Amino acid sequence: MRGPFKSSFLSDADGGVALIFGLIVPCLIGFAGVGVDATYWLMERNKLQSSTDNAAISAAHAVHLTGTNQAVTNEAQKMLRSVYGKDMPGITLTVQFPPQTGPHAGDMTAVAILAERDQPVYFAKLFHLSDVKVTARSVARVNSTADACLLALSQTSEKAINISGSSTIRLNCGIASNSTASDAAYFSGASDTKTTGITSAGDIYQSNGALIDTGDGSMLANAPAVNDPYGPEGRNVKVPTNPKNCKEKQLKINADTVLSPGRYCGGISVNGGTTTFSPGVYIIDGGTFKTNGNAALVGQGVTFVLTGKGNDIADVDLNGGAGISLQAPTSGSDLAGILFFQDPAAKDQVKPKQSLINGNADLNLKGALYFPGTGVKMSGGMSGNMNCLQIVAATVEITGNSAVTDSCDETSGTEKIQRTTVELVE
């Protein structure tokens, strides 16, 4: 009887295993299917969140540029459509400018993007689960700080901001470069820079030996370009009309002299003595405004307009042991706050010249150095007390043993230079 009994037992066991297997396998398949659905939901949710993050950042840029609801909405839609197609099937998009809820509710510098998408289920239908929705919310904010004082306007130049050598920079303001180059803001050598922040439309290069201290500020690459504070999008300063007659032509100064405002043709060369500039506007028509040797320059409430024709637009060359104390007017005209204003046409010269401040020049400058079409270079053993100095030029280079300090106040007459960043805050 052992044989038949054993056979029956085994037969019963196989039947039990088959029954259990038949009950468990569908459950395992179902749970595995739900896991697949859940993984797919998570992937789609992450995709939607990433898309709304990008849409919020793009929309915030529109807030900065235009500030209109339509432009903000268009930017958000454009970003979502780039991912999901023109019709965005199954997606409901809500743009809130300003956000209606959350810590940034009512903030006119912020925009909220809310999106939901119909998400079908597949295996979960075995458990009578219906389709679900995945949702995402992103908030981006425009953060503008009006503290930049070194601004390179060129959109393409390499090393548009170039701080190198053994330069020591101490600024109570920020640095900005509008260039999109890979080294748009360039810090190298044994330079030591302390500033409230650095923004660059391109990348920021820092060599191993260069020191940068931004305090509580940030170093931000690939940031929005900064508006030219004196150009068409800003104050829109124009070159003054030239007086008919030249007060002097190719003026050379070797002893103490007092000058009055007017048109100086062919440049000014100061080789000795102290030249005192009476308050007003000095139009340098062609040539170079140059100092040499131990010459000194003194002036309160003065603006030097560098202009000319064709390839002869005046530039600046301050050299040697010159002692220079010049202050721009603080009010009264479009030139308020501007110490040197170079004609924007300088960029169209066949060989645009870089303006130079070098040697052992002892500087006490207050106001803006505005060279929108050419570069400004500070080099050599220059030391300076830049009292509310702004340098706004196509390129800005500080090198050698230069030492630049800055301490601004609200009465200088200069325009604010807004460094703008956009960041996700929710």
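Residues numbered from 1 in each chain as written. Predicted model: local features only at pLDDT ≥ 70, side-chain atom pairs only at ≥ 80, totals over all residues. Heavy atoms only, no water.

*Asks:* I tried to follow the environment of Glu-423 on my own but got confused; where do I start?
*Replies:* Along the chain, the position of Glu-423 falls in strand S30 (residues 419–424). The sequence separation of Glu-423 and Val-139 amounts to 284 residues, and the corresponding C-alpha distance is 8.6 Å. When neighbours within four sequence positions are excluded, Glu-423 is seen to be in contact with Val-139, Ala-140, Arg-141 and Asn-143. (Helix = DSSP H or I, 4+ residues; strand = E, 2+ residues; numbered from the N terminus. Contact = heavy atoms within 4.5 Å.)

*Asks:* Help me out: how do you make sense of the pairing of strand S16 (residues 262–270) in this one?
*Replies:* Within a regular strand, side chains alternate between the sheet's two faces. The buried count for S16 comes to eight of nine residues, which makes it a mostly enclosed element. Pairing geometry for strand S14 (residues 248–253) and S16, over five bridges, is parallel. From the neighbouring strand, Lys-252 faces S16, where its bridge partner is Ser-269. Pairing of S16 with strand S18 (residues 280–285), which is carried by four bridges, proceeds in the parallel orientation. Bridge pairing in S18 links Arg-263 to Ile-283. Direction of pairing for S16 relative to strand S19 (residues 288–291): parallel, over a ladder of three bridges. Residue pairing across strands places Val-270 opposite Thr-291, the latter belonging to S19. (Buried < 20%, exposed > 50% of the residue type's maximum accessible area, 1.4 Å probe, protein only. Pairing = 2+ DSSP bridges.)

*Asks:* Explain the environment of Lys-133 to me, please; I cannot follow it from the model alone.
*Replies:* The residue Lys-133 is located in strand S3 (residues 132–145) in this model. For Lys-133 and Ala-115, which are 18 residues apart along the polypeptide, the C-alpha to C-alpha distance reads 10.0 Å. When neighbours within four sequence positions are excluded, Lys-133 is seen to be in contact with Glu-116, Arg-117, Asp-118 and Gln-119.

*Asks:* Would you mind showing me how to read the side chain of Thr-374 here?
*Replies:* Note that Thr-374 resides in strand S27 (residues 362–378). Judged by relative accessible area, Thr-374 falls into the buried class, the value being 3%. In this structure the side chain of Thr-374 is engaged in a polar contact, spanning 2.6 Å, whose partner is the side chain of Gln-342. Not counting the four nearest positions on each side in its chain, Thr-374 is found in contact with Gln-342, Ala-346, Pro-352, Lys-353, Ala-393, Ala-394 and Thr-395. (Polar contact = N/O pair within 3.5 Å; in protein donor to acceptor, adjacent residues only side chain to side chain.)

*Asks:* Would you mind showing me how to read the nonpolar core here?
*Replies:* Note on soluble globular proteins: their nonpolar side chains tend to be buried together. Counting 50 residues, the largest nonpolar core has Ile-268, Phe-277, Leu-326, Phe-340 and Leu-369 as the members making the most contacts within it. Top element by residues in this core is S27. It accounts for six residues. Setting aside chain neighbours within four positions, we find Phe-277 in contact with Leu-259, Tyr-282, Phe-289, Leu-297, Val-298, Gly-299, Gln-300, Val-302, Phe-304 and Leu-326. Ala-62, Phe-97, Ile-113 and Val-422 belong to the second largest nonpolar core, which has 22 residues in total. (Core = buried A, V, L, I, M, F, W, Y, C linked by side-chain atoms within 4.5 Å.)

*Asks:* Whenever I open this one, the side chain of Thr-214 confuses me. Can you help?
*Replies:* Mapping Thr-214 onto the fold places it in the loop between strand S12 (211–213) and strand S13 (219–220). Here Thr-214 is in contact with Thr-195, Thr-196, Gly-197, Ile-198 and Met-219, once residues within four sequence places are set aside.

*Asks:* I tried to follow the pattern of salt bridges on my own but got confused; where do I start?
*Replies:* Once the charged atoms of two side chains with opposite charge are near each other, the side chains can pair. In the structure shown here, the tally under the stated rule is eight salt bridges. One salt bridge in this structure joins Asp-107 and Arg-141, with 2.8 Å as the shortest N-O distance. A residue pair is termed long-range when its members are at least 10 positions apart, and Asp-107 in the loop between strand S1 (91–96) and strand S2 (110–119) and Arg-141 in strand S3 qualify at 34 residues. Between Arg-170 and Asp-192 there is a salt bridge whose closest N-O contact spans 2.9 Å. Separated by 22 residues along the polypeptide, Arg-170 in strand S6 (residues 168–170) and Asp-192 in strand S9 (residues 192–194) bring together distant segments of the chain. When its relative accessible area of 23% is taken as the criterion, Asp-192 is described as partly exposed. (Salt bridge = Lys/Arg side-chain N within 4 Å of Asp/Glu carboxyl O.)

*Asks:* Help me understand the state of the cysteines in this model?
*Replies:* Linking two cysteines covalently through their sulfur atoms gives a disulfide. Here the structure, examined in full by the defined rule, presents two disulfides. Note that Cys-149 is cross-linked by a disulfide to Cys-173, the S-S spacing being 1.8 Å. Because the sign of the S-S torsion sets the handedness, a value of about 45° for the bond joining Cys-149 and Cys-173 places this disulfide among the right-handed ones. With Cys-149 in strand S4 (residues 148–152) and Cys-173 in the loop between S6 and strand S7 (174–177), this residue pair connects regions lying 24 residues apart in the sequence. Judged by relative accessible area, Cys-149 falls into the buried class, the value being 1%. Residue Cys-173 is classed as buried on the basis of its relative accessible area, which comes to 3%. (Disulfide = S-S within 2.5 Å.)

*Asks:* Got a minute to help me understand unusual backbone geometry in this structure?
*Replies:* The step from Phe-97 to Pro-98 runs through a cis peptide bond, and the omega angle for that step is 5°. In the Ramachandran plot, Lys-159 falls in the positive-phi region, its phi being about 50° despite a non-glycine side chain. Topologically, Lys-159 is positioned in the loop between S4 and strand S5 (161–163). Exposure remark for Lys-159: the relative accessible area of 35% places this residue in the partly exposed category. Positive phi, normally seen in glycine, also occurs at Gln-250, with a value near 45°. The topology assignment puts Gln-250 in strand S14. Taking relative accessible area as the criterion, Gln-250 reaches 58% and is therefore assigned exposed.

*Asks:* I'm lost on the packing of aromatic side chains in this one. Help?
*Replies:* Within a pair of aromatic rings, the relevant descriptors are the distance that separates the centres and the angle that separates the planes. Summed over the entire model, instances satisfying the criterion amount to eleven aromatic pairs. For the pair Phe-277 and Phe-289, a centre-to-centre distance of 6.0 Å together with 80° between the ring planes defines the contact as edge-to-face. Taken together, the positions of Phe-277 in strand S17 (residues 274–277) and Phe-289 in strand S19 put the pair twelve residues apart, joining distant regions of the chain. By relative accessible area, which is 0% here, Phe-289 ends up buried. When the centroid spacing of 5.0 Å and the interplanar angle of 35° are considered together, the rings of Phe-289 and Phe-304 count as tilted. Here Phe-289 is found in strand S19, whereas its partner Phe-304 is found in strand S21 (residues 302–309), with 15 residues between them in sequence. Each member of the pair Phe-289 and Phe-304 is classed as buried. (Phe/Tyr/Trp six-rings, centres within 6.5 Å; stacked < 30°, edge-to-face > 60°.)

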